[in-house]
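# Per-entry structural report
The lines below spell out each chain.
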Amino acid sequence: MRCTCEKNRRNPPKTKDWNKTARRRFTLVCVSADAPQRGTFEELAMPLFNQLYNFAHWLAQNRHEAEDLVQETYVKALHGFATFQQGTNFRAWMYRILRNTFLTSRSGHKATMTVPLSEDEDEAVVNATTDTQTPEAILIDRNHQDMLQTALEELPLHFREIVLLCDVEEMSYQEIADLLSIPIGTVMSRLSRGRAALRAGVQKKLQGAA
Amino acid sequence: MSTDDNATQQSGIQHDQWRAQLDAYLDGELPADQMRALDAHLRSCPGCAADALNRVQFKRAVKTAGARFTPSPQFRDRILKKVASKPRRSWTFTWVLAGAFAVLLLAGLLTAYQQRQNLREQQFAGEIADLHVSTLASPNPVDVVSTDRHTVKPWFQGKIPFTFNLPDLQNTDFTLLGGRVTYLGQVPGAHLIYQIRKHQISVFIFPEDLVALHNTPHDAKTRSFTLHTFAQDGLRYIIFGDVARDDIDKLSTMLQAAAHSS
């Protein structure tokens, strides 16, 4: 039977076990019908490197800060790997460390200053989507990718991160809820508003370019 | 409000309800029954189907645009060095390594001790040979000239800090020529000269703790001389000469018997 460890790392099943010896050796053991396969921190964390860096860059919006953020994330995760709890999602754990590291950084503080206190305050951003024009067909054209990327950059942090986690990192609502420490209902509503705000931003740029 | 208006309004509300579920539908997060219901609706409603298509296209565009930043290979290498797993030795391997190290250390110590002991014994044999040769080369090799053991033994009284017995040489090929006081390691001892045929044999008697020899009786060959030593009653007897091994052994046996009879 083919080992499913790689798949499990992306979306860990509840059968993941953490044995004491392996923990001492900083080694994760995936218990399955196959022979147990061990993964060191390096083996588990490095496949996430590009994704984490991409996410870090979107959060920090700066290459230098993104590198600092990723480096700090890996160092923290390596030190905390021995206490990584069984049955939890390694990928979500890494993203949570990254996000928390960002939120406690200077850029993170600055970004969170603009986060609305309630979801209602996003109405101004989202209401711009009332225009019925659809920019999707235009966005298929690669020449307009920059426009979408700029619109993503301009999204408030709480919208940007949830859209990226769902559409780019392809996380489930539950994973996102765990990572952001919010209920699934909030994930759904914030994601809907975030997408609407993004569409509005693209729409605005398309109108400006016309 | 006309019946047609009501129907249109109700239809609009229904469409809004369907569209509110579209994101969760496209994200694969709707429960199975709702998924099937919305699937059926999309097949029958061109407006909602077009909206779903737009959303799919937008989601794909976001995925492409979102995967924008790539780390440099140098940065990747830097992080890899930080997190690279160092080979961890198992406890078994550590114990085996420690055991091997202990064995090597012990073997090294034993070898060093053995070499030191061999060196001391070589030095000892060399000094005995020097005493033997220099005595025989002297015009007066002995200070007490006598073939009588009862003359030679008392002569040492007051000259050395111990006493000893000498064998009766009647009916043997050995002859006692005499004795002298000698020193080895600044310790006084008796040096007796025996003769067998034309060969002269030295017998040295010292306190036993003067020379710590592992093997007693101890035999060695030094510069073609034969050395035999044994310890008895706190005394170290060293028999040294250029005679055959058998002659040395015979004299040794007689000396041991005499020492034992005391």
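Just so we're clear, the structure is a prediction, and the values are computed from it rather than from any experiment.

## Considering the overall build of chain B
For chain B, the helix and strand inventory stands at 8 helices and 7 strands. Looking at the 262 residues of chain B, the share that counts as buried comes to 37%. A fraction of 57% describes how many contacts in chain B between residues 6 or more apart in sequence connect residues 24 or more apart. Of the roughly 15600 Å² that chain B leaves accessible, carbon and sulfur atoms contribute 54%.

## Some remarks on the pattern of salt bridges
Enumeration over the complete set of coordinates arrives at 18 salt bridges over all chains. The closest approach of N and O atoms between Arg197 of chain B and Asp247 of chain B, which form a salt bridge, is 2.6 Å. One end of the pair, Arg197 of chain B, is in the loop between β3 (187-196) and β4 (199-207); the other, Asp247 of chain B, is in helix α8 (residues 245-260), and 50 residues separate them in sequence. By relative accessible area, which is 51% here, Arg197 of chain B ends up exposed. Salt bridges sharing common partners tie together Asp167 and Arg195 of chain A together with Arg19, Asp23, Asp27, Asp51, Arg55 and Lys59 of chain B.

## Side note on the interface of chain B and chain A
Facing 32 residues of chain B, the contacting portion of chain A comprises 44 residues. Of the roughly 3500 Å² buried where chain B meets chain A, counting both sides, 62% is carbon and sulfur surface. Among the residues of chain B in contact with chain A, Phe58, Phe69 and Val83 of chain B are the three that bury the most area, contributing 19% of the side total. Taken together, chain B and chain A are joined by 6 salt bridges. In this structure, Lys59 of chain B and Asp167 of chain A form a salt bridge, with 2.8 Å as the shortest nitrogen-oxygen distance.

## Focus on a nonpolar patch on the surface
On the surface, a nonpolar cluster with roughly 340 Å² of combined accessible area is contributed by Phe101, Leu105 and Leu109 of chain B. We classify Leu109 of chain B as exposed; its relative accessible area is 54%.

Definitions and limits used
- Residues numbered from 1 in each chain as written.
- Chains lettered and ligands numbered in written order.
- Predicted model: local features only at pLDDT ≥ 70, side-chain atom pairs only at ≥ 80, totals over all residues.
- Heavy atoms only, no water.
- Helix = DSSP H or I, 4+ residues; strand = E, 2+ residues; numbered from the N terminus.
- Buried < 20%, exposed > 50% of the residue type's maximum accessible area, 1.4 Å probe, protein only.
- Contact = heavy atoms within 4.5 Å.
- Areas by Shrake-Rupley, 256 points an atom, 1.4 Å probe, with all protein chains shown as cover.
- Salt bridge = Lys/Arg side-chain N within 4 Å of Asp/Glu carboxyl O.
- Buried area = accessible area lost by both parts, 1.4 Å probe.
- Patch = residues over 30% accessible without salt bridge, like charges linked within 9 Å, V, L, I, M, F, W, Y side chains within 5 Å.

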